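Here are the chains, one letter per residue:
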Amino acid sequence: VQLQASGGGLVQAGGSLRLSCTASGRTFTSNDAVAWFRQAPGKERELVAAIRWRQSGSYYADSVKGRFTMSRDSAKNSAFLQMINLKEEDTAVYYCAAKGRVILSAFPPTVYHYWGQGTQVTVSS
């Protein structure tokens, strides 16, 4: 299974970006969890947002609530992270990740089976 992340770039503070994560080699199934992490220089990787593919359950870090939204397109086997009102502190490498068969009580998972390569998001002042 390969996850391909894309959509990063350079944007001014207050701007928007939409990240995409497309899976190949495996189709996302109902109980899969798909997530976005980010890692800024000198900082630990943090979970930003997560959804269960076709079941209830979503998670957003407090720092992004109201600004970031995850969505999915089953036909494209892709997940998206819409980011608005970006701040300089959102600058990081963003990674998508997935894990199969996640029940709601174990969501969001702390361990993921599949990882994509990172995509750089840089927010300038």
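Reading the values: the criteria
- Residues numbered from 1 in each chain as written.
- Predicted model: local features only at pLDDT ≥ 70, side-chain atom pairs only at ≥ 80, totals over all residues.
- Heavy atoms only, no water.
- Phe/Tyr/Trp six-rings, centres within 6.5 Å; stacked < 30°, edge-to-face > 60°.
- Helix = DSSP H or I, 4+ residues; strand = E, 2+ residues; numbered from the N terminus.
- Buried < 20%, exposed > 50% of the residue type's maximum accessible area, 1.4 Å probe, protein only.
- Lys NZ or Arg CZ within 6 Å of the ring centre and 35° of its normal.
- Disulfide = S-S within 2.5 Å.

**Comments concerning the packing of aromatic side chains**
- In this structure the tally under the stated criterion is 4 aromatic pairs.
- Aromatic side chains Phe28 and Trp53 sit 4.5 Å apart centroid to centroid with 40 degrees between the ring planes, which places their arrangement in the tilted category. Taken together, the positions of Phe28 in the loop between β3 (17-24) and β4 (33-39) and Trp53 in the loop between β5 (46-52) and β6 (58-60) put the pair 25 residues apart, joining distant regions of the chain.
- Among the residues examined, Trp53 registers a relative accessible area of 1% and is labelled buried.
- A centroid spacing of 4.9 Å and a plane angle of 50 degrees characterise the contact between Phe37 and Trp115, whose relative ring orientation is tilted. Taken together, the residues Phe37 in strand β4 and Trp115 in strand β10 (residues 114-115) connect sequence positions 78 residues apart.
- What links up through ring pairs into an aromatic cluster is the set Phe37, Tyr112 and Trp115.
- For the cation-ring pair, Arg18 lies above Phe80, with the distance from its terminal atom to the ring centre recorded as 3.9 Å.

**Some details on the state of the cysteines**
- Counted under the stated rule, the structure contains 1 disulfide.
- Each sulfur of the disulfide joining Cys21 and Cys96 lies 2.3 Å from the other. Judged by the sign of its S-S torsion, about 70 degrees, the cystine formed by Cys21 and Cys96 is right-handed. With Cys21 in strand β3 and Cys96 in strand β9 (residues 92-99), the pair connects residues that are 75 residues apart, well separated along the chain. Judged on exposure class, the residue Cys21 and its partner Cys96 are both buried.

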